[in-house]
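Per-entry structural report
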Amino acid sequence: MIARETILSLEGITKRYGDAGVVGPVDLTIGKGEFLTLLGPSGCGKTTTLQIIAGLLEPTDGRVSLSGRDITDAPPPQRDMGLVFQNYALFPHKTIFDNVAFGLRMRKVARTEIVDRVTEMLRIVGLPDIERRLPDQLSGGQRQRVALARALVIRPTILLLDEPLSNLDAMLRKRMRHEIRELQQRLGITTIFVTHDQDEAFEMSDRVALLDRGRIAQIGTPEELYDAPTTRFVAEFIGDANLIDAEVVSADGRGLVRLRIAGGSEMLARTSALDLGPGQGALLMIRPERIELADAAAPGTLPARVRQRVFSGERITLELDTSGGPITCTKPSLPQYRQLDPGMQVWLQPGDCRALRAS
Amino acid sequence: MAAAADRRFGIGLLTPIGLLYLFFLILPIGFFLSMGFFKYDVFGLYKPELTGENFARLVVDPYYLDIVALTLKLAGLTTLFSLLLGYPLAFFLTRTRSAWRGALMFLVVAPLTTGVIVRTYGWIVLMGAEGIVNKTLIAAGLIARPLQILHTETAVVIALVHILMPYMVFPLISSLAGQDPNLERAASTLGASRARCFLEVTLPLSRPGILMGSVLVFTLSAGSVVIPQLIGGKDVQMMGQSIYELVLHTLNWPLGSAMASLLVLLQFSIIFVYFRSNRRVRR
Amino acid sequence: MSAADKAGRRGWFGLRLSVFLIYVFLMGPIAIIVLSSFNATTSMAFPPQGFSLRWYGEFFRSDSFVDAFLFSMKLGLCAAIGATAIGFLAAYAIVRFGGRAREAAQSAALLPAMIPHILISMSLLLALNFVPVPDFTVLLAGHVLICLPFTIAGITASLDGVDAQLEAAAWTLGASRARILGEIVLPLVAPGVLSALIFAFIVSFGDIYIALFLAGPGMTTLPMEIFSYVQWESTPVIAAISTLQILLIVGLGLIVERLVGLRRIMRF
């Protein structure tokens, strides 16, 4: 990853809601031009964090700094951030032009410059010639772009996007993912994106911060989160994961451990929990698409019996029973896998195993 | 701090209403009500001497005692009849599927907006010695001389019911409209007759509306001045009107204030009873 | 089944009949006023004998009535504007910054509706004996007080319908709180504000309790003029004035009904 100059940092940000719960402490830094996603299930604190960054909510504790300046107590108008809301929050009584021009007018930009910049921005988001219309005359996708234009036209230091795609239909949502990402890269604007949708997060982001019950469970590139989850929550939230109870047989102290699962089979796994030692309980994680199937027993293979085969077009999902418990395995829909009927015996050769701390 | 700025802004927004309420509502009313504890003075407004005689007079002097008793009686009757007339109206308005529902609803509010005076005047035209009712009866040969309709308790109650009924109808509509009509349907499929269904399902569920409406009508009728004055005249004296007389004509502010305190006490004890019974209903 | 149905239909018919009679009772006196205002003779005969507009003419020739009418209009306008402006600010504070104290603040704001109006006006009259405030100011303050519960209730209901995110959006775009109030919130609740204005005017225009005690010399409102007139004599001029007032108010009421629905303001 390219080293970036830090533009925004959160230090120990905490928000208490009476007895309703706590968000944080959250520590986070974002580099200039980076696309960071706050990902998590509803109620994990991602929108609260975003609103604290925008200045709409005041943290109970902690510090927010923008380019080294403490802005914890600064109201939103002093922050220069563009926020796009889930429901777009376009002013229903103002035309599209006036909606987009609003932020520039508040900044007392000259009238002729306003016209130029609004026109230019509407062209950039692909919506020329709708300036005189009112928001309720637009489709959901168009409103989405207007909201984006309104947030971008003020040339914010950071663009904040709060689940901006969740009100669009599936087709449009996919297209907008790419459009927003492309726009972000073209303008080089630092962006923080909030979503509960893992596909969105992965397709768009440089880095993803996965939140769980108010805290960051793990932060990293999409590849890091997928390949090397550090907790059961991350492993289960991101993609599909087979998680099997195991016991540590040996560990080299540098991230490689040997695990034994019920039934006595042993496998090698990488781990980020360097303190795992022999005799301790652990979780063995295997991604369903990283499992090779073999017809005969070999060293390092795990005997299994096919319980179910589900055909879904381009893919085949096999439900298998092993001594360690049920395991799911996905395969491309090729003839050799279509022949695997319930009851048949196979041998599994798991690849890229990870060992997680037992939860 | 953002929150502190918000608080300042909120307080700023509330400053006009706060000043208005403080200087034109709370302080004057507090001062007026405290007058009741001072001695009456023929030449000034009051004598700065504390006394309980004003309140004592209200309870001991049969003249004022009668006024209090009559007020309770007429306000009670007004509440009762407003409920008896308002309930079917509210029930109809919440259950009808007529296209005229909106218009009918508007007709219930409309009289309220014309002001007390105009509506009272209508009753004078109807009930006066030279009024329409008497003229019609005489013309029909039913009576020889005009009946005394104005200046009777009946006339006051009729006029009060007429003027205050919307205040009964609206809470009733809220509580009846909030009910699930399926409950009634369920009860009737279980074999309950319409009457039983009404008595055992609809009526108990509309209790909050009945209470709210009754409190409103009772307090408003107990405090009314114009109707007793114009329709009741000297013969039907109620508390509101008596306060008016005491302050404006007799210039006995302390006694008027004591009467007003009694009225407020009456109203707030009724509101208190309302909240208590309402809480019980919710539980 | 069919017997129960028949009983049900008979019950429904009985209900409709009684509702009809209740409407006759509610509307009767008002209809009588309107009809007798067109009476050709002095007496209050009913049905009216002949049709004439002479009582309307008499009204317009009477300086005292016309003055009272104009004064009521002026007072009503001032009170409505005052109560709407103050009520709008208060309602916004209650809705957006009320937090957990919202219920309590809302009840406190409706205080003048819970106190008998006669008490408000007499207290102000008493206070006038000690604090010299111009008569019109006190009268206006009294009217603003009795109108406020209605404007606050109406505008609060309208504000509840405004998406708070619009204000948040304006805020992040750099608008100050005051700009947000003027440029975003006010236009969005304009129908509610306008109907609150009209409703406050209606309340002020129909008031007698405040004016009776607080109106100084030369400040006779229309209801006061009618009140003092009706106590001594009954003439169809009163019916003509009342009819005009009813027309004015029903017209305004219909506008409010069109804008937001009277019921929303009445239910507080």
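Reading guide: rules and limits
- Residues numbered from 1 in each chain as written.
- Chains lettered and ligands numbered in written order.
- Predicted model: local features only at pLDDT ≥ 70, side-chain atom pairs only at ≥ 80, totals over all residues.
- Heavy atoms only, no water.
- Phe/Tyr/Trp six-rings, centres within 6.5 Å; stacked < 30°, edge-to-face > 60°.
- Helix = DSSP H or I, 4+ residues; strand = E, 2+ residues; numbered from the N terminus.
- Lys NZ or Arg CZ within 6 Å of the ring centre and 35° of its normal.
- Contact = heavy atoms within 4.5 Å.
- Buried area = accessible area lost by both parts, 1.4 Å probe.
- Salt bridge = Lys/Arg side-chain N within 4 Å of Asp/Glu carboxyl O.
- Polar contact = N/O pair within 3.5 Å; in protein donor to acceptor, adjacent residues only side chain to side chain.
- Nonpolar A, V, L, I, M, F, W, Y, C, P; charged D, E, K, R; others polar.
- Core = buried A, V, L, I, M, F, W, Y, C linked by side-chain atoms within 4.5 Å.
- Buried < 20%, exposed > 50% of the residue type's maximum accessible area, 1.4 Å probe, protein only.
- Domains from an automatic or database assignment.
- Pairing = 2+ DSSP bridges.
- Axes fitted to C-alpha atoms, helices over the stretch in contact; angles between N-to-C directions.

**Remarks on the packing of aromatic side chains**
Across all of its chains, the model carries 20 aromatic pairs over all chains by this definition. Their ring planes at 25° and their centres at 5.7 Å tell us that Phe233(A) and Phe237(A) sit as a pair that is stacked. Residue Phe233(A) and its partner Phe237(A) are located together in helix 8 (residues 232–237), separated by four residues, close to a single helical turn. Between the NZ or CZ atom of Lys74(C) and the centre of the ring of Phe136(C), over which it lies, the distance is 5.0 Å. Seen from the ring of Trp171(C), Arg177(C) lies directly overhead, with NZ or CZ sitting 4.1 Å from the centre.

**A short note on the interface of chain C and chain B**
The interface is formed by 82 residues belonging to chain C together with 76 residues belonging to chain B. Interface of chain C and chain B: buried area, both sides summed, is about 7,100 Å²; carbon and sulfur atoms make up 84% of it. When the area that chain C buries against chain B is broken down by residue, the three leading residues are Tyr23(C), Phe25(C) and Leu126(C), summing to 9%. Counting across the chain C and chain B interface gives zero salt bridges. On the surface where chain C and chain B come into contact, there are four residue pairs in polar contact (both at pLDDT 80 or more). It is helix 1 (residues 2–36) of chain C that provides the largest number of residues to the side of chain C that touches chain B, a total of 15 residues. Across the side of chain C that touches chain B, the residue classes tally to 65 nonpolar, twelve polar and five charged.

**Focus: the environment of Tyr63(B)**
Topologically, Tyr63(B) is positioned in helix 3 (residues 62–95). Sequence separation between Tyr63(B) and Gln237(B) is 174 residues, and the spatial gap between their C-alpha atoms is 9.9 Å.

**Quick notes on the nonpolar core**
Nonpolar side chains tend toward joint burial in soluble globular proteins. One finds Leu20(B), Leu89(B), Leu93(B), Ile231(B), Ile120(C), Leu139(C) and Leu148(C) to be the most contacted residues of the largest nonpolar core, which totals 148 residues. A total of 15 residues in this core trace back to one element, the largest contributor, which is helix 7 (residues 153–177) of chain B. When residues of this core are assigned to domains, at least three map to each of domain 1 (1–51) and domain 2 (62–282) of chain B. Setting aside residues up to four positions removed in sequence, Leu148(C) forms contacts with Ile17(B), Leu20(B), Tyr21(B), Ala83(C), Ile86(C) and Gly87(C). Counting residues in hydrophobic clusters, the runner-up holds 95 residues, among them Val64(A), Ile158(A), Ala168(C) and Ala196(C).

**Topic: the side chain of Thr49(A)**
For Thr49(A), the position within the fold is in helix 1 (residues 46–54). The residues touching Thr49(A), leaving out its near neighbours within four places in the chain, are Leu10(A), Val23(A), Leu38(A) and Leu211(A).

**Observations concerning the sheet that holds strand 17 (residues 315–322) of chain A**
Residues and elements named next belong to chain A. Pairing is antiparallel in the open sheet, where five strands are placed in the order 15-19-16-17-18. Each having just a single partner strand, strand 15 (291–294) and strand 18 (325–332) make up the two edges of the open sheet. Within this sheet the neighbouring strands show an average axis-to-axis angle of 45°, counted without direction. Bridging between strand 16 (residues 302–311) and strand 19 (residues 345–350) involves four bridges; their strand directions are antiparallel. Bridge assignment links Arg-305 to a residue of strand 19, and that residue is Gln-345.

**A closer look at the pattern of salt bridges**
Residues and elements named next belong to chain A. The tally for this structure, following the rule as stated, stands at 27 salt bridges over all chains. Close ionic contact of Lys-46 with Glu-163 constitutes a salt bridge, the shortest N to O distance being 3.7 Å. Taken together, the residues span a long stretch of sequence, with Lys-46 in helix 1 and Glu-163 in the loop between strand 7 (158–162) and helix 5 (170–187) at a distance of 117 residues. Across the pair, exposure class does not vary: Lys-46 and Glu-163 are buried alike. Between Arg-117 and Glu-113 there is a salt bridge whose closest N-O contact spans 3.0 Å. In this pair, Arg-117 and Glu-113 are both assigned in helix 3 (residues 111–124), four residues apart and thus about one turn of the helix distant. Arg-117 gets classed as buried once you look at its relative accessible area, which sits at 13%. What makes Glu-113 partly exposed here is its relative accessible area of 35%.

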